[in-house]
Number of protein chains: 2
Amino acid sequence: MDPRVHEHAEVLVDWSARIDAGDDVVVSVGPDAHDLAVAVAEQVGERGASLLSTYDSGEVDRAHRLAVGDVPEPEHERALFEAADVYLRLGGGRNTSATADVPAETRRAVREAHAAVREARYDTRWVSTVHPTRSLAQQANMSYAAYRDFVYDAVLRDWESLADEMAVLKDRLDAGSEVRLVGPGTDLAMSIEGRTAVNSAASVAYDSHNLPSGEVFTAPADTEGEVTFDVPMTLQGQSVRDVTLRFEEGEVVAHDAAEGANVIGDILDTDAGARRLGELGIGMNRGIDRFTDNILFDEKMGDTVHLALGRAYDACLPEGEAGNDSTVHVDMITDVSEDSRMEIDGEVVQRNGTFAWEDGFEA
Amino acid sequence: MDPRVHEHAEVLVDWSARIDAGDDVVVSVGPDAHDLAVAVAEQVGERGASLLSTYDSGEVDRAHRLAVGDVPEPEHERALFEAADVYLRLGGGRNTSATADVPAETRRAVREAHAAVREARYDTRWVSTVHPTRSLAQQANMSYAAYRDFVYDAVLRDWESLADEMAVLKDRLDAGSEVRLVGPGTDLAMSIEGRTAVNSAASVAYDSHNLPSGEVFTAPADTEGEVTFDVPMTLQGQSVRDVTLRFEEGEVVAHDAAEGANVIGDILDTDAGARRLGELGIGMNRGIDRFTDNILFDEKMGDTVHLALGRAYDACLPEGEAGNDSTVHVDMITDVSEDSRMEIDGEVVQRNGTFAWEDGFEA
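Residues numbered from 1 in each chain as written. Chains lettered and ligands numbered in written order. Predicted model: local features only at pLDDT ≥ 70, side-chain atom pairs only at ≥ 80, totals over all residues.

## Structural notes on the pairing of strand β18 (residues 347-351) of chain A
Residues and elements named next belong to chain A. Of the strand pairs in this sheet, strand β17 (residues 341-344) and β18 are connected by 4 bridges, and their pairing is antiparallel. Bridging from a neighbouring strand, Arg341 pairs with Arg351 of β18. Here β17 folds back onto β18, and the loop between the two strands holds 2 residues, one of which, Asp345, carries a positive phi near 50°. What sits between β18 and strand β19 (residues 354-355) in their antiparallel hairpin is a turn of 2 residues, with Asn352 showing a positive phi close to 50°. (Pairing = 2+ DSSP bridges. Helix = DSSP H or I, 4+ residues; strand = E, 2+ residues; numbered from the N terminus.)

## A few points about the packing of helix α4 (residues 75-83) of chain B against helix α6 (residues 115-122) of chain B
Two quantities define a packed helix pair, namely the angle between the helix axes and the distance between the axes. Residue and element names in this part refer to chain B. Viewed as axis vectors pointing N to C, α4 and α6 meet at an angle of 15°, and their least axial separation amounts to 8 Å. Taken together, α4 and α6 sit at an angle that is classed as roughly parallel. Classified by chirality, the crossing of α6 by α4 is left-handed. Residues Glu77, Arg78, Phe81 and Glu82 of α4 pack against Ala116, Val117, Ala120 and Arg121 of α6. (Axes fitted to C-alpha atoms, helices over the stretch in contact; angles between N-to-C directions. Parallel < 35°, antiparallel > 145°, perpendicular 65-115°, else oblique. Left-handed = near helix turned anticlockwise from the far one by under 90°. Contact = placed C-beta atoms within 7 Å.)

## A short note on the sheet that holds strand β8 (residues 215-218) of chain A
All names here are of chain A. The strand order β7-β8-β14-β15-β16 describes an open sheet built from 5 strands, whose pairing is antiparallel. A single partner strand is all that each edge strand has here, and the edge strands are β7 (198-200) and β16 (329-335). This sheet shows a mean twist of 20° between the axes of neighbouring strands, independent of strand direction. As paired strands, strand β15 (residues 304-310) and β16 are joined by 7 bridges and run antiparallel to one another. Counterpart to Ala308 in the pairing with β16 is Asp331. Helix α9 (residues 159-175) rests against β7, β8 and β14 (277-283) of the sheet, and its axis sits at about 25° to β8.

## Concerning the relation of the copies chain A and chain B
For the pair chain A and chain B, the superposition axis carries a translation of 0.0 Å, the fit reaches an RMSD of 0.1 Å, and the rotation angle comes to 180°. Both chain copies can therefore be described as sitting about a two-fold axis. When each C-alpha of chain A is compared by its distance to the rotation axis, Thr54 of chain A comes out closest, at 1.9 Å. Both copies contact each other with a shared surface, as 100% of the interface residues of chain A are interface residues in chain B too. (Least-squares fit on C-alpha atoms with pLDDT ≥ 70 in both.)

## Quick notes on the domain arrangement of chain A
Residues and elements named next belong to chain A. Here chain A is described as being made up of domain 1 (3-155) and domain 2 (159-355). Between the C-alpha centres of domain 1 and domain 2 there is a distance of 25 Å. The partner domain 2 presents 18 residues to the 21 residues of domain 1 that form the contact. Among the secondary structure elements, those contributing two or more residues to the side of domain 1 that touches domain 2 are α1 (3-16), β4 (125-130), α7 (134-139) and α8 (144-155). Its residues assigned to classes, the side of domain 1 that touches domain 2 comprises 13 nonpolar, 5 polar and 3 charged. (Domains from an automatic or database assignment. Nonpolar A, V, L, I, M, F, W, Y, C, P; charged D, E, K, R; others polar.)

Written as structure tokens, this is what we have:
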């Protein structure tokens, strides 16, 4: 086995999920994530924690979803997660389009029937990661060998030192009131007054639930201006390219795209919250050096900024205050490595990808 | 997909587990049982039942078991099964020896830590089956294609009519007091007074939890005489051949074997109950036409009789009465197709595999 599989498991169990003796751990295993599951099982065992593996197959889900009429609420699954301390999702299927022909209304019904399961799962120390599989390599237009290198470069970071670095940006955002993004096709202002940024350092200790992570994000409001997302991606099974959004008084009032404008229109029409921003995120993981059409990696890439239409994360909001609410949370990404800057309260904190506290920064 | 995979799933869901709308179903999936899992998911969905798949990998278990010190009790897994209505085990790994190097004391510790989980699982409508895999074909010394035919011949029976046929033997056993087995190297008498035979027709409706099944079994007592098991098998990873046991006053007083006598000795030394019989079973599934070194199939084969050292099944005992107790239940098999007979209270009910109520029977 590639020794990096064991290192991945160690980071996941120790740094990300902080697993300890007596924890009841659920590990969800994609059909091609077997090797990572074996390595994780060893680490979970060494910590003295118990282990239940679930099988996360798109083909199994599809068969059940297409056959079932009224989607029943899985009470046994809720009981499992209510009794669990930790949930580790090891993604890795054989076909990233395995559920492509499940109708939207069925997905919606399943999401509703699983609301209590999801809530119980979010109450655990949950972490989502992926094992590098051939199907993910294919989605990234990469060879399997090159894709494995890509994934481990992103995952096997010095997370402690990245957390320290990200803390600098978090402090600036927490102290600030307004963020302005300027770049080709972009001049956007938004309020971050009273909001708390999350230092997303790939650990539950940082309110961060993705491995890899490496972004600082907050929940903006009162967005004004125009933004262009120049990083191509697949949304709801369709290619989307060069999306532009125009905001007035916090709401999208116009949208366009070189490809996939209809998908963006569908998303905006989901509910009222889908026309407002739920997230401003700044990618700071420089182990990620290319876009692979996988949001888990793309939005964390250094020299990128992403915005999400829809739901805001509670961690960014003052206690008891509700942020933007929506059933969707759709991230879109801008490359800020050239002709771009980010200002906080009029002060430039990042230019062409370089932060104010880094070597080579030009104010 | 082989259409027999869908037929297998239908038999499992309808005949065996009697799945209905609103049932909360756990399906345990072996790493190579994926195709059967997809077919079962469709059937479970069609019945309007919910589905949670668990991943049953010997390699994952081994990694956890070898690493863990004190085995923790998995409380989340117990909660899952306490809330579940149905448990379907779809066996099918990639290596039937995947856990061969887990020490016996670790297995014992795991069995103890999982006692409550096991109990909760046995309280569901549970059914154990296997998907034909290459590793099972290898264990059977068969090609993959031939093994698939073998499995489906065993599983895709007319279970209703086999249940009717087995009911005839069950009635004879329920009415009888003593069974005598006579054959080459065998002359064994045992009491079945007051015991109830199980018509094991591969359905929870018959207290039967294996697919395939096709046996009638009861819990004998006061065994006297000698028996030879001429069907070779693998026990605890070792080959065992031509085992003979001598019983006095219900207990094994002498044992021998052409191969693996030490394994039998180890089993007999487990605890007091391991020296007594827990089961007398009569195989009646004539879809099984060869031994494949897999007890799920071998013990159900027509023209065979098996006896188990160790634990007796509650279903065979009068309400409130405890049968033979042991942590083991080890089945061993005799071919009765030649020079053999079974008597109930002195009356021959089977000779050379043919029952008294069948064509060709010679009293």
